[in-house]
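Per-entry structural report
So you can see what is in the structure, the chains are spelled out below.
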Amino acid sequence: MVFRYFCAINRNNDMETKHMGWRGSRKNYCWAGTYHITMSVMDRSQQPLGHIVGDVSRPDGDPLAPRVVLSEVGEMVEQELMNSIHSHYPMIEVHDHVVMPDHLHFIVVVKRNIVSANGRETHLGQVIAGFKKGCNRRYWELTGQAEPAEARGQGEPAEAGGQGEPAEARGQGKPAEAGGPGKPAEAGGPGKPAKAGGPPSAVIPQRSKTPSNGTTGRPPLFSYGYVDVMPLQEGQLERQRDYIRNNPRYRLMRQNNPKCLLPQRASVATALTLPALKGYLQRECGRQYDADKWETVSQRLLTEDNAVVGDSYGNLELLKGRLLPVVCHRKDAGLFEAHKARCLDAAAAGAVLVSAQIAKGEQDIIHTAIDQGFPVVRVEDNGFPSLYHPSEQRIDLCSGNKLLIVSPWQYAYRRVADAISVMECKTMNCVVQALCRTKDSWWKL
């Protein structure tokens, strides 16, 4: 069986929460199971489903804790979600859910194979198509775009349990963004912004110049496709429920602190030139150095004026302290405990540890430093996508000035099973030392 992972996770198995799913050649989405569905509105800039209020310092259950105040459209979507799916498909139950201003998450439990009212076996894509169709009709009614009865049914998606959306519109085979349960890619659409100073009212978009397939020219509420995650590992379902519950809190945290909780492009200068990096790789890799691989590496790197730069996520103030590289070499395996002790002593004295966390020893040292409350800088092996959603733990660490994530790479989708090359690993170790202006052997002195 061929499996496709489509919610990218960090391959170093560090503190990143793993929101992972799979699609296989034998999985037909008619079977029983538990699915985490994410759907995005067509025009995310309008945020037509509501707005977030509250105080991030208040705990869950507090009346002032972060929450979503739904608009009229948002209330309609929640009603459709909680009532229409189960009424059409009694074998499907909607459990945890959250309607955010521009998207929604919900967990569905399929108790037995999905069968429509006419007795035909159907699949999850057709269920979602029917849900979208119901939302669209009520959305158009709320926004004054209802169509005359005689024109209905022309070019619209099939009813719930019918043919539904085509495979390419259901998002099958499309990867979700890195670090979380994943969100569909943004899809723009013209619209009228809500009035400032209050909750968004029902947004009334303009008619599309080109009629949208299945909407008879009227802009649909949701973008085409969706992202689904099927929990597989023990404890994963509970983590996804936590993710859904905490969505309003972390969205509000990002809004309140965009410099720390949004990617900052080309914000880190390393003073590492491409010729210097090439020379380093030639020395470190020896016979493993390959000119074609160097070309690949150099094309992936973020550069300005022939020097490597980095995007960042977190508080850049961490780079102003005393920075020490954490790089573990095989030749020093017998000295690991001494290496770890020196690193933690330095962190306790105020130094900031910097590592790509490639080797297990590096992961051990950085994890221990985090557990003891010391700030760290992590050099990532991939760039940040436009919609970057790290784990809850990373958000907490970054907002608490305990973690800064730096990436010298352009973003590229990678499957979990994809390995990074030796030259890429060596490149990150060189970047670590360039950030620190210190050799990785400092702990031996």
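Structure first, text after, so check above.
This report concerns the structure included in the present document. Predicted model, so just to flag it, every value in this text is computed and none were measured.

Details of the overall build of the chain
- What the chain contains, in helices and strands, is ten helices and 15 strands.
- Expressed as a percentage of the 445 residues in the chain, the buried residues total 55%.
- Of the contacts made within the chain by residues no fewer than 6 positions apart, 76% connect residues no fewer than 24 positions apart.

Details of the sheet that holds strand β7 (residues 103–110)
- Judged by pairing direction, the sheet is antiparallel, and its four strands sit side by side in the order β6-β7-β3-β8 without closing on themselves. In this open sheet, the two strands that pair with only one neighbour each are β6 (92–99) and β8 (227–229). If you compare each strand with its neighbour and ignore which way they point, the axes differ by 20 degrees on average.
- By the bridge criterion, six bridges tie β6 to β7 in an arrangement that is antiparallel. In the strand pairing of β7, V94 is matched with V108.
- Sheet strands touched by helix α2 (residues 124–142): β3 (33–40), β6 and β7. Its angle to β3, the strand with the most contacts, is close to 40 degrees.

Some words on the pairing of β7
- Counted residue by residue, β7 has eight buried out of eight residues, so it is predominantly covered.
- Here β7 shows no split at all, with H103, H105, I107 and V109 on one side and L104, F106, V108 and V110 on the other all buried.
- As defined by bridge partners, β3 adjoins β7 across eight bridges and the pair is classed as antiparallel. Along β7, the bridge assignment pairs T34 with V109.
- Hairpin connection, β6 to β7: the antiparallel pair is bridged by three residues.

Structural notes on the packing of helix α7 (residues 336–348) against helix α8 (residues 360–371)
- The contact between α7 and α8 brings their axes to 10 Å, and the two run at 35 degrees. Between α7 and α8 lies a crossing of right-handed hand. On α8, the residues touching F336, H339, K340, C343 and L344 of α7 are G361, D364, I365, T368 and A369.
- The residue inventory of the contact of α7 with α8, partitioned by class, reads five nonpolar, three polar and two charged.

Points about the pattern of salt bridges
- Inspection of the entire model under this criterion finds 19 salt bridges.
- Where E238 meets R241, a salt bridge forms, and the shortest distance between an N and an O atom there is 3.8 Å. With E238 and R241 both in helix α3 (residues 236–256), this residue pair falls three residues apart, about one helical turn.
- Take R241: its relative accessible area is 24%, and that puts it in the partly exposed class.
- With its nearest N and O atoms 3.1 Å apart, the salt bridge here joins R414 to E424. Of this pair, R414 sits in the loop between β15 (403–407) and α10 (422–436) while E424 is found in helix α10, placing the two residues ten residues apart along the sequence.
- On the basis of relative accessibility, which here comes to 9%, the residue E424 falls in the buried class.

Remarks on α2
- In this model, α2 (19 residues) spans 27 Å end to end at C-alpha, consistent with the 27 Å of a helix rising 1.5 Å per residue.
- Of all the 19 residues making up α2, 15 are buried; the element is thus mostly covered by neighbouring parts of the structure.

Here's the deal with the nonpolar core
- Within the largest apolar cluster, 39 residues are counted, with the highest numbers of intra-cluster contacts made by F106 and L221.
- Of all elements in the fold, only β3, β5 (67–70), α1 (72–88), β6, β7, α2 and α3 reach the threshold of two or more residues within this core.
- A per-element tally of this core places α2 first, with seven residues.
- In this structure, V268, V379, L404 and A434 belong to the second largest nonpolar core, which totals 33 residues.

Observations concerning the side chain of E392
- Its location among the elements puts E392 in helix α9 (residues 392–399).
- For E392, which is buried and forms no salt bridge, the nearest opposite charge comes from R245, at a distance of 7.6 Å.
- Of the polar contacts made by the side chain of E392, one reaches the backbone nitrogen of Y243; its length is 3.5 Å.

Quick word on the state of the cysteines
- Under the criterion given, the structure shown has zero disulfides.
- Its sulfur unpaired, C425 is 9.6 Å from the next cysteine sulfur, which belongs to C285.

Remarks on α1
- Between its first and last C-alpha, α1 extends 23 Å over 17 residues, near the 24 Å set by a 1.5 Å rise per residue.
- Along α1, the sharpest kink reaches roughly 30 degrees, centred on E80.
- All of the buried residues along α1 are V73, G74, M76, V77, E80, L81, S84 and I85.
- If you follow the buried residues of α1, they end up packed against β5, β6, β7 and α2.

Brief notes about the packing of aromatic side chains
- One pass over the full model with this rule turns up five aromatic pairs.
- Their ring planes at 35 degrees and their centres at 6.3 Å tell us that F131 and F222 sit as a pair that is tilted. Placement of the pair is F131 in helix α2 and F222 in the loop between α2 and β8, with a sequence separation of 91 residues. Neither residue differs from the other here; F131 and F222 are each classed as buried.
- With centroids separated by 5.1 Å and ring planes inclined at 80 degrees, the aromatic side chains of Y313 and Y388 adopt a geometry described as edge-to-face. One end of the pair, Y313, is in strand β11 (residues 307–314); the other, Y388, is in the loop between β14 (376–379) and α9, with 75 residues separating them in the sequence. Of the two residues examined, Y313 and Y388, each falls in the buried class.
- Three or more aromatic residues joined by ring pairs make a cluster, and in this case those are F106, F131 and F222.
- Between R218 and the ring centre of W140, over which it is positioned, the NZ or CZ distance is 3.6 Å.
- Sitting over the face of the ring of W409, R300 holds its NZ or CZ atom 4.2 Å from the ring centroid.

What counts, and at which threshold
Residues numbered from 1 in each chain as written. Predicted model: local features only at pLDDT ≥ 70, side-chain atom pairs only at ≥ 80, totals over all residues. Heavy atoms only, no water. Helix = DSSP H or I, 4+ residues; strand = E, 2+ residues; numbered from the N terminus. Buried < 20%, exposed > 50% of the residue type's maximum accessible area, 1.4 Å probe, protein only. Contact = heavy atoms within 4.5 Å. Pairing = 2+ DSSP bridges. Axes fitted to C-alpha atoms, helices over the stretch in contact; angles between N-to-C directions. Left-handed = near helix turned anticlockwise from the far one by under 90°. Nonpolar A, V, L, I, M, F, W, Y, C, P; charged D, E, K, R; others polar. Salt bridge = Lys/Arg side-chain N within 4 Å of Asp/Glu carboxyl O. Expected span 1.5 Å × (residues − 1). Core = buried A, V, L, I, M, F, W, Y, C linked by side-chain atoms within 4.5 Å. Lys, Arg positive; Asp, Glu negative; His and termini not counted. Polar contact = N/O pair within 3.5 Å; in protein donor to acceptor, adjacent residues only side chain to side chain. Disulfide = S-S within 2.5 Å. Bend = angle between axes of the 7 residues up to and from the residue. Phe/Tyr/Trp six-rings, centres within 6.5 Å; stacked < 30°, edge-to-face > 60°. Lys NZ or Arg CZ within 6 Å of the ring centre and 35° of its normal.

That's the geometry; what it means functionally is another story.
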